[in-house]
Amino acid sequence: MEDSVTLAEATTDIQPIASHRPDAKTRRYDRQLRLWASSGQKSLEEANVLLVGCDAAGCQALKNLVLPGIAQFTILTASKVTAGDISTNFFLLPESLGGSLAEEAVRLLKELNPSVQGHADPRSAKQVLEEDPAWFRSFGLVIVCGSGEDADVGAEVTRKIGKALWEGGQEDTPMISLRTSGFVAKVRTQFREHCVIDTHPDHSHTLRIDTPFRALEDYALGLDLESMDSMEHSHVPYVLLLVRALRTFEKENDGKRPIYDTTDAFKEVLARERKALDEENFAEAEGQVFAVTQISEVPAGVKSLMDDPSCEGVSKDSKDFWLLVKALKAFVAHPENKSGLLPLSASLPDMHTSTASYINLQNLYKKQAMADATLFKSCLKEVLSEVGLDGEAISEGDADEFVKHCHTLLCERGSQPKEELTAEDVADDFLMETFDLTHGVALNIAFHLAEKHHLKTGTWPGTVEDEYHTVKAQMFDQAKAILGMPELGSNVDRDDDGRLFIRPEQDEDDMDEETEEDVERREETRKAKIVQDSICEICRGGMKVLPTTAALVGGLVAQEAIKLITKQYSPLNGTCIVDLVKGGMTRYPI
Amino acid sequence: MTAIASPPPLHRHPSLTSSQDQARQRYLSTPDAEKYAAIDRVLDRRGGRTHEAFVGGQETKEFLRKTCKILVIGAGGLGCEILQNLALMGFRDIHVIDMDTIDISNLNRQFLFREADVGKAKSIVAAEFVMKRVPGVKVTPYYGKIQDHDEAYYKSFNMIITGLDSVEARRWINATLVGMVDEDDPESLKPLIDGGTEGFKGQARVILPTMSACYECSMDMLTPPTVFPICTIANTPRLPEHCIEWASVLEWPKAFKDKKLDNDDPDHIEWLYQKAADRAKQYGIEGVTWSLTQGVVKNIIPAIASTNAIIAAACCNEAFKLATTSAPSLDNYTMYVGNDSIYAFTFKHEKNPECPVCGGETVDLKVKKGTKVESFIEMLTENQRFQIKKPSISFGSGQPLFWQAPPQFYEQTKHNLEKDLDELIASGDEITVTDKALPFSLDLRIEFE
Ligand SMILES: [Zn+2]
């Protein structure tokens, strides 16, 4: 500190500006604050997370949440530490053997961040489900482990917790459930409704070149380009050049706006005011011509939110989000808002111009943005009073934040997992892909079948050595039924190991005259192999947890948890399949 | 500086209670088959897509657990995760290189470090931590630069994983490994697995030097660093960043002729912040903050534990597959995007036949007649493919055409800057470009048009 004073004194005579040198906490969290800012950090520091069951993937997820500083976490499991737990889970020690799995893992996870509280709950999830299922809803987020490593959590427990949380209605607690088996894994999110104001789009400018607000249009048209010297002329911001050219173009074309096919004609209009070829501002304007052909409108996503029943039927019990959307709808229709558009954004991209004219232009946008925000807030007050809430029920700061991000709002509605997969569900999956049966689709079915097997028998496929191949064969037949392809695999045989063997094709010589049937059969064999491979991979892993798969899944789960807790960015809605055999990831809505 | 941390003793642990010590001894004497049951599943059983060359069983396990020697470059965000994963997957001979010491801003993700470790060497602390947590693994740290080691050193590993934040270091190790490949000696080919992250996004790739696309093949895929033109910084600042650049690039050298700006010294950042904030106020520009000043000057990339976990795990998964053949390798590039739901994209990056490192062909470059050497040099620095800052140029014969250093050569050749390039060489001639950022010399065939 002292040194800086000397430095400043020695070299400047300016008035000292108050230092905002970060404190220790800000320095610790610096690299993440640059992503979710202090508002996101505040949400994290209030978050209370429950981990049901305890395995390597679950602990890795918690590690990635303890490090950025959630308030507290609890691990619920009655299991004792085994040698297999220690060798796969970094948050257990050799001396943990035989001890309480919850207590040992909590102790080592807490070490990662002294400001995080950790609690071990050595009850079994089954017992809690029987005694007090609502207890699960006392947490902000529930993560349910899904390997076979912790016998305390199986397919049934996962389902029941999912139900218990869902029954919270609008007050439901979001859940992330996982399954891992060797190289493959599945992550699923469950929530009724998740609304996001700040989705972090790439940029948030609304230049409105096609629909300039009054002050912008007056300023642009009022410029006297003719009398400017070359320095000034080459520094007129491109936004203003485009607004001027657009007005001229419309005058000359019966009020028609430029479209994609007439951009050359528009460029020609733009070039009329150009004095020299090396004027960078004109080059920038030319590069942004597409912005003129695009029509400013309320984005489809926001429009559908404004038409949503939750917006239409707001009451004093509605979430702030819906009250704000209702106010936004009122703003759009408000007679004072002549554009019929959403509030203007105050942000302006950098452009080639002088400091003074940039600041000038920026102030035009800021002033309009502020006027829009003021009108929005008066709409909000009206909405609040209509539903019988105090005018201050939503703070000015929250309203400003909402306006800032109102072009990219998001509301995701989730679902409970299907108890039975149907051909129809799977067909939806196909659509997510390339209308093709992929390993991702097949793995999703295979995980579903593995869960059903566990529900029925209490064991996971691939864990009972004697049944290894018979279970695989059963699952293959069940998969055929789900896929609605009873003929699948009719031309393939299986060996004792369950591997597929394709019956010899016709003579190679006949290849020229390949019939439609041949093509179909080849296609069927390919699909059969994908289904078989996927079932095989899940049975191969035997629901054991590979440390690398666990670490990857732990990372995915933590990212989703952070998105759900901070209500920033877009979360996964549904299922994500992780296939580390090939290294890909795909997601599905089911 | 080398520091070898030895594995902790397996027999005595004075801090443990007797029942804990009994548990510890019981775990240590548990047979591998029980401890490694999860990993053995995929080594004893074949998957549907497993390669025919897969042997599995004891032979594969012995190679992984006894023979395989792996090098990790970087003990930072990715490095900590990589070391953890490799140790748990059964790699027992791990080496790690890092030249950095621990900073408080590392603690939100570099989970092998604690507050008390701030200021210590990352590689040494990380190695000790992993050995303490995972019995039986040996992690050998090196606190220093990758350039300190010769080919013989790199040749002693079976494969290399990099978790770096520096393009320059990646280029160096990539060029070194490609240069090491001897066609007659299959052992000379060392797979390189590389990971990188930024915020919620990241990528992982597998490079088989000379066989698949190398790091240099895809230089044009890197997002170019944001560069603000000097005239904007000096004359027409518009953004807070312009004011900060003005303070660091123009004002600092003026005020402190002999003192280099230290990005890690908060007093230096403070000085820049004050300067930048004052200039911003003068011009009516909003948004200069301490945090932004630090971000711009240090070129800080946001980083979180969860993204590092995903990318490091993807890299270690590839290392495990390469060491065991238990599943096919990534071929050869995965991009991961986590900010908008979950999205991953895997594709094969093709070799670039003109790659200056693995392509073997000279790079052709078209240059307009009448281009001055000075503007030609500017052209080179702006070319995304080369990513160089202060190149020196030699004639095909090796004679200097224009050299930035040493001073006597600079004096001898600086007059060439004013000349047209086509005065000095003929169309079709080759020239050689060298640069501090280039771990190799770049041969260009110039065609005038
Ligand atoms: Zn290459």
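Definitions and limits used
- Starting from 1, residues in each chain are numbered consecutively following that chain's sequence as written.
- As they are written, the chains are lettered A onward and the ligands numbered 1 onward, keeping that order.
- In view of the model being predicted, local features appear only for residues whose pLDDT reaches at least 70, and side-chain atom pairs are presented and counted only at 80 or more, with totals across whole chains, interfaces and linings using the full set of residues.
- Working from all heavy atoms in the structure, the side-chain values ignore hydrogens and water.
- UniProt positions are given in the numbering used here, feature names are shortened, and annotations may be inferred rather than shown by experiment.
- Only runs of H or I of at least four residues qualify as helices and only runs of E of at least two qualify as strands under DSSP, and these elements are numbered from the N terminus.
- Throughout, exposure labels follow a simple rule: accessible area from a 1.4 Å probe, protein chains only, divided by the maximum for the residue type, with under 20% read as buried, over 50% as exposed, and the rest as partly exposed.
- Contact criterion: two residues are considered in contact whenever any of their non-hydrogen atoms come within 4.5 Å of each other.
- In this description, accessible areas are obtained by the Shrake-Rupley approach with a 1.4 Å probe, and a residue is regarded as covered only by the protein chains that are shown.
- Sites may look incomplete because water is not among the atoms; the donors themselves are N, O and S atoms within 2.8 Å of the metal, or within 3.2 Å for Na, K and Ca.
- Four donors are marked tetrahedral only if all angles between them lie between 85 and 135 degrees, whereas four are marked square planar and six octahedral if opposite donors are more than 155 degrees apart and the other angles lie between 65 and 115; the remainder are marked irregular.
- Joining two parts hides part of their accessible area as seen by a 1.4 Å probe, and the buried area is that hidden amount summed over both.
- Salt bridges are defined by distance alone: a side-chain nitrogen of Lys or Arg within 4 Å of a carboxyl oxygen of Asp or Glu.
- Here the limits of each domain have been adopted from an automatic or database domain assignment.
- Using protein atoms alone on a 1 Å grid, points that fit a 1.4 Å probe yet trap it form a cavity, whereas open point sets bounded by protein on both sides within 12 Å along at least five of seven lines form a pocket; residues with an atom within 4 Å of a point count as lining.
- Grid points are joined across faces, edges and corners, and a volume is the space filled by probe spheres set on the points.

The name recorded for chain B in an unreviewed UniProt entry is NEDD8-activating enzyme E1 catalytic subunit, from Filobasidium floriforme. Per its UniProt entry, chain B bears the Pathway (unreviewed entry) comment "Protein modification; protein neddylation." Comment text from UniProt for chain B, heading Sequence similarities (unreviewed entry), reads "Belongs to the ubiquitin-activating E1 family. UBA3 subfamily."

Chain A has the name NEDD8-activating enzyme E1 regulatory subunit in an unreviewed UniProt entry, where Filobasidium floriforme is given as its organism. A UniProt comment under Function (unreviewed entry) is attached to chain A, and it reads "Regulatory subunit of the dimeric UBA3-ULA1 E1 enzyme." Per its UniProt entry, chain A bears the Sequence similarities (unreviewed entry) comment "Belongs to the ubiquitin-activating E1 family. ULA1 subfamily."

A. The overall build of chain A, seen in detail. When you go through chain A residue by residue, the secondary structure sums to 24 helices and twelve strands. Scored against the burial criterion, the 590 residues of chain A give a buried share of 55%. When contacts within chain A are restricted to residue pairs at least 6 apart in sequence, long-range pairs at least 24 apart make up 71% of them. Here chain A has roughly 25600 Å² of accessible surface; of this, 50% comes from carbon and sulfur atoms.

B. Here's a closer look at the UniProt feature "domain: THIF-type NAD/FAD binding fold" (unreviewed entry) in chain A. UniProt tags residues 29-145 of chain A as "domain: THIF-type NAD/FAD binding fold" (unreviewed entry). Spanning residues 29-145 of chain A, this segment combines 42% helix with 16% strand, and its end C-alpha atoms are found 28 Å apart.

C. Structural view of the coordination of the zinc ion. All names here are of chain B. Those protein atoms acting as donors to the zinc ion are Cys214 (SG), Cys217 (SG), Cys355 (SG) and Cys358 (SG), and they sit at 2.2 to 2.3 Å. Here the zinc ion is ringed by four donor atoms whose angles at the metal span 95 to 119°, and the overall shape comes out tetrahedral. We note that the donor set of the zinc ion lies within a single chain, spaced as C-x2-C-x137-C-x2-C. The class for Cys217 is buried, based on a relative accessible area of 4%.

D. The interface of chain B and chain A, seen in detail. Each partner contributes residues to the interface: chain B has 101 residues there, and chain A has 100 residues. Summed over both sides, the interface between chain B and chain A buries roughly 8700 Å², with carbon and sulfur atoms accounting for 59% of that surface. Summed over the three residues of chain B that lose the most area to chain A, namely B:Arg49, B:Arg133 and B:Arg238, the buried surface amounts to 10% of that side. Where chain B packs against chain A, one counts eleven salt bridges.

E. Just the pattern of salt bridges, in detail. Using the criterion set out here, one finds 62 salt bridges over all chains in the structure. The partner of B:Glu286 in a salt bridge is A:Lys366, and the shortest N-O contact between them spans 3.2 Å. Placement of the pair is B:Glu286 in the loop between α11 (266-283) and α12 (290-298) and A:Lys366 in helix α18 (residues 355-386), with the two residues belonging to separate chains. For B:Glu286, a relative accessible area of 56% corresponds to the exposed category. Across the pair B:Glu251 and B:Lys254 runs a salt bridge whose closest N-O atoms are separated by 3.2 Å. With B:Glu251 and B:Lys254 both in helix α10 (residues 240-255), this residue pair falls three residues apart, about one helical turn.

F. The domain arrangement of chain B, seen in detail. What the domain assignment reports for chain B is domain 1 (18-217 + 303-347), domain 2 (230-298) and domain 3 (363-448). Computed from C-alpha coordinates alone, the two centres of domain 2 of chain B and domain 3 of chain B are separated by 33 Å.

G. Inspection of empty space enclosed by the protein at higher detail. Residues and elements named next belong to chain A. In this structure the tally under the stated criterion is five cavities of 30 Å³ or more. Taken as a whole, the largest cavity spans an internal volume of roughly 280 Å³. Contributing to the lining of the largest cavity are 18 residues, with Lys186, Arg188, Pro417, Lys418 and Glu451 lying nearest its centre. Counting residues per element, the ones that place at least two in the lining of the largest cavity are α8 (155-166), β5 (175-181), β6 (184-190) and α21 (439-457). Per-element tally for the lining of the largest cavity: the top contributor is β5, with four residues. Residue contributions to the lining of the largest cavity reach at least three from each of two domains, namely domain 1 (2-192 + 549-588) and domain 4 (423-542).

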